[in-house]
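Residue strings, one per chain:
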Amino acid sequence: MNNTLMSLNNYLFEQLERLNDDSLTDEQLERQIKIAETVNKTADNIIKNNETVLKAVNIASEYGYIVPNNIRNVLGIEQKTTGGINVK
């Protein structure tokens, strides 16, 4: 898993698919539920952190600062050659 919001989104949908697996025993389902709860808490923290980063990026952009590539990559943002931004 790479560290982008899109990969987190994909992972969350994969987890949802695992929870919907009809072939799971009750014990396996219970384990998947516990895993899903932990993943969900972690995902919430990641999302909150990225919201903070996005706010900082917006403020920095307003004042003409260049956003580092690693931050743009994590948020899934590409810089246009014309000066704007594109969302991947």
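Another aspect to go through is the overall build of the protein chain. A tally of helices and strands in the protein chain yields three helices and two strands. Taken across its 88 residues, the protein chain has 16% of its residues classed as buried. Expressed as a percentage of contacts within the protein chain between residues at least 6 apart in sequence, the contacts between residues at least 24 apart total 30%. By element, 52% of the accessible surface of the protein chain is carried by carbon and sulfur atoms, the whole surface being about 7,100 Å².

Turning to the environment of Asn20, a few remarks are in order. Take Asn20: it is sitting in the loop between α1 (5–19) and α2 (26–62). Note: C-alpha distance between Asn20 and Gln32 (12 residues apart in sequence) is 9.9 Å.

The next subject is the packing of α1 against α2. To characterise two packed helices, one gives the angle between the axes of the helices and the distance between these axes. Their axes nearest at 10 Å, the elements α1 and α2 cross at an angle of 160°. In terms of orientation, α1 and α2 fall into the roughly antiparallel class. Between α1 and α2 the crossing geometry is left-handed. Contacts between α1 and α2 pair Leu5, Leu8, Tyr11, Leu12, Gln15, Arg18 and Leu19 from the former with Leu29, Gln32, Ile33, Ile35, Ala36, Val39, Ala43, Ile46, Ile47 and Asn50 from the latter. In terms of residue class, the contact of α1 with α2 is made up of 13 nonpolar, three polar and one charged.

Moving on, we get to α1. Over its 15 residues, α1 extends 21 Å from the first C-alpha to the last, a length consistent with the 21 Å expected when each residue adds 1.5 Å. Listing the buried residues of α1 in full gives Ser7, Leu8 and Gln15. Within α1, the buried residues cover an arc of 100° as seen down the axis, which keeps them to one side. Those residues of α1 that are exposed and aimed more than 90 degrees away from the buried face are Met6 and Glu17. Considering only its buried residues, α1 is in contact with α2.

With that settled, the discussion passes to the side chain of Asn50. Tracing the backbone shows Asn50 in helix α2. Here Ile46 takes part through its backbone oxygen, which lies 2.9 Å from a polar atom of the side chain of Asn50.

The rules behind these values
- Residue indices follow the written sequence of each chain, beginning from 1 at its first position.
- In keeping with the model being predicted, local features are shown solely for residues with a pLDDT of at least 70 and side-chain atom pairs are shown and tallied solely at 80 or more, while totals for entire chains, interfaces and linings include all residues.
- Hydrogens and waters are ignored; side-chain quantities use all the structure's heavy atoms.
- Only DSSP runs of H or I reaching four residues or more are called helices, and only runs of E reaching two or more are called strands; each is numbered from the N terminus.
- Categorising residues by exposure relies on relative accessible area from a 1.4 Å probe, with only protein chains included: less than 20% of the type maximum marks a residue as buried, more than 50% marks it as exposed, and the intermediate range marks it as partly exposed.
- By the convention used here, residues are in contact when the closest approach between their heavy atoms is within 4.5 Å.
- For the accessible areas, the method is Shrake-Rupley and the probe is 1.4 Å, while residue cover comes only from the protein chains on display.
- Angles shown run from 0 to 180 degrees and are taken between the N-to-C directions of axes, each axis being a line fitted to C-alpha atoms and, for helices, limited to the stretch in contact.
- Roughly parallel refers to an angle under 35 degrees, roughly antiparallel to one over 145, roughly perpendicular to one between 65 and 115, and oblique to any angle outside these ranges.
- Crossing handedness is defined as follows: a turn of the near helix away from the far one that is anticlockwise and smaller than a right angle gives a left-handed crossing, while the clockwise case is right-handed.
- Residue polarity follows a fixed list, in which Ala, Val, Leu, Ile, Met, Phe, Trp, Tyr, Cys and Pro are nonpolar, Asp, Glu, Lys and Arg are charged, and the others, Gly among them, are polar.
- What a helix should span is 1.5 Å times the count of its residues minus one.
- Of all possible arcs, the one meant is that of the directions from the helix axis to the C-beta atoms.
- Identification of polar contacts relies on pairs of N or O atoms within 3.5 Å, with a donor-acceptor requirement for protein atoms, meaning one able to donate a hydrogen and the other able to accept it, and with residues adjacent in sequence counted only if both atoms are side-chain atoms.

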